[in-house]
Amino acid sequence: MLDIRFVRENPDLVKENIKKKYQDFKLPLVDEVIALDEKNRAAITEASDLRAQKNKLSKANGPLFGKLKKAAEEEKAAIQAEIDANMAAVKANDERLEELEKLEEEYAAEIYKRMLLIPNIIDPSVPLGPDDSCNVEVERFGDPVVPDYQIPYHTEIMERFNGIDMDAAGRTSGNGFYYLMGDIARLHSAVLAYARDFMINKGFIYCIPPFMIHGNVVEGVMSQNDMDAMMYKIEGEDLYLIGTSEHSMIGKFIDQILTEDQLPQTLTSYSPCFRKEKGAHGIEERGVYRIHQFEKQEMIVVCKPEDSTAWYEKMWRLSVELFRSMEIPVRQLECCSGDLADLKVKSCDIEAWSPRQQKYFEVCSCSNLSDAQARRLKIRVKGEDGKTYLPHTLNNTVVAPPRMLIAFLENHLQADGSVTIPEVLWPYMGGTKVLIPKK
RNA sequence: GGAGAAGUCGCGUAGUUGGUCGAGCGCGCACGAUUGGAAAUCGUGUAUACCUCAUAAGGGUAUCAAGGGUUCGAAUCCCUUCUUCUCCGCCA
């Protein structure tokens, strides 16, 4: 979501950016928006003038009515005539005003519809490419080890610990759900608790947000398409289950004006996440990689515009540090222009190593949205000089099990079938250092 | 869930027989004066968005929970929704 003024003043830049994102079909939107904006402003100007006239006449009537009451009988007719003239003058403009008001509404809606589709200006550092095949590996952290023994499919590892029951979940809830049991369930909670404390120690404020939010908040944080593909709606109520705590955490600031001393907001939130996963990917049949329900520790930053680049760097590094502290090899994969969501300026995934597949897979996603989200949600900051400006917003996964457990189990599975627990998790596992398979 | 009360400019409040109310006062805050410095005191200022415009000054429009209605004119009247408080009920 760009500033309409920015589009007006830099149409070529906006178009260039659209091309960089391989969305040439959106190019006409720019000129359409500019034309609509011009008409809209003309309508606003004309309507404002008419309203000003109307207000003036109505106000003039006030004292006249007072006079009318006190006036002598023979003066009344003249005053009444003056009042009638004012009323008539007001009514003369009413038709045109109504017309203009309708136009204002129409133009605004048409402009907004298009503005939602025009992508945010990507950071100059973003690599160019049409799709995810052009995403760029930036750096690896830890050696991607392939052991000389076989690593089974993750659900199979879990089953050896009596740690998962997909069949029962299928019966109670259908595809895309799971029961985690015993040691695996405990490991799941331990990872979240450790991640929570990790972030608290980094100075973030721990939050437990609402897990359901109103429709208008949902509309503020995501596009209509995403909404249909992701969000579960509560029947008969204006409530949606959140797809990520980012929804309620950014929603927290909707329509708010923050003071500068409240920045940066550095928050880490826990929530279950509910996703329909309609569309492109779909639910993965066999495991807990892509499911309808998972839990996530998230980090959110709302900061001054000039600080967002630094926060972005800091945030993805926190994910790396967390995963490395659990001895899981990861890499940073930068999203190329074509793979970058429209709201984002820059984004990267932290991918964990899968020794079974001998490739990396996504476990964290770090994004800098610049002021796009803030503009849409009307999150503002009042500066020292009293002027308001839009802050930048960023978000990143801290950790999201059970998907994360796939990487955990595959990397820590020993030749004898046991799973070692990295030292940082010992306190969260009641001192357990090794998980021994039950079968 | 039931009954009642209420939602005004950061906070507290004034404003309900509709008309100089975008809105008074107090507190807070900012700037200035006073002071060796501070407190106290005095003075000035203190919403947001948009349009016009030279990213000035000035002007204009909209906003008194939100949306709609009545009216020449609404913070004030009517309708709907939301929220808060009190009491009752129910329940982790």
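Scroll up a little and you will see the structure.
Residues numbered from 1 in each chain as written. Chains lettered and ligands numbered in written order. Predicted model: local features only at pLDDT ≥ 70, side-chain atom pairs only at ≥ 80, totals over all residues.

### What about the packing of helix α2 (residues 11-20) against helix α3 (residues 27-70)?
Phase 1 of the analysis: The geometry of α2 relative to α3 is characterised by a closest axis approach of 9 Å and an angle of 155° between their N-to-C directions. With respect to each other, α2 and α3 are oriented roughly antiparallel. The element α2 and its partner α3 pack so that their crossing is right-handed. Across the interface between the two elements, P11, V14, K15 and I18 of α2 pack against L27, V30 and I34 of α3. (Axes fitted to C-alpha atoms, helices over the stretch in contact; angles between N-to-C directions. Helix = DSSP H or I, 4+ residues; strand = E, 2+ residues; numbered from the N terminus. Parallel < 35°, antiparallel > 145°, perpendicular 65-115°, else oblique. Left-handed = near helix turned anticlockwise from the far one by under 90°. Contact = placed C-beta atoms within 7 Å.)

### Things to note about the sheet that holds strand β11 (residues 359-368)
Phase 1 of the analysis: Sheet architecture is open: eight strands sit in the order β1-β9-β10-β11-β14-β8-β7-β2, paired in mixed fashion. Edge positions in the open sheet fall to β1 (136-141) and β2 (205-207), since each of these has one partner strand only. On average, each strand axis in the sheet is tilted by 25° relative to the strand beside it, whichever way the strands run.
Phase 2 of the analysis: In this fold helix α7 (residues 182-201) packs onto β2, β7 (265-274), β8 (293-303) and β14 (392-399), with an angle of close to 10° to the strand it touches most, β8.
Phase 3 of the analysis: Along the sheet, helix α11 (residues 308-325) contacts β1, β8, β9 (330-334), β10 (346-354), β11 and β14; its crossing angle with β14, the most-contacted strand, is approximately 5°. (Pairing = 2+ DSSP bridges.)

### Some thoughts on the protein's contact with RNA strand B
Phase 1 of the analysis: Close to RNA strand B lie 18 residues; T45, A52, S58, N61 and G62 are nearest.
Phase 2 of the analysis: When residues of the surface near RNA strand B are traced back to their parent elements, those giving at least two are α3, α4 (73-117) and β12 (380-382).
Phase 3 of the analysis: Examining the composition of the surface near RNA strand B, we find that 13 residues originate from one element, α3, more than from any other.
Phase 4 of the analysis: Broken down by class, the residue content of the surface near RNA strand B amounts to five nonpolar, seven polar and six charged. (Near = placed C-beta within 6 Å. Nonpolar A, V, L, I, M, F, W, Y, C, P; charged D, E, K, R; others polar.)

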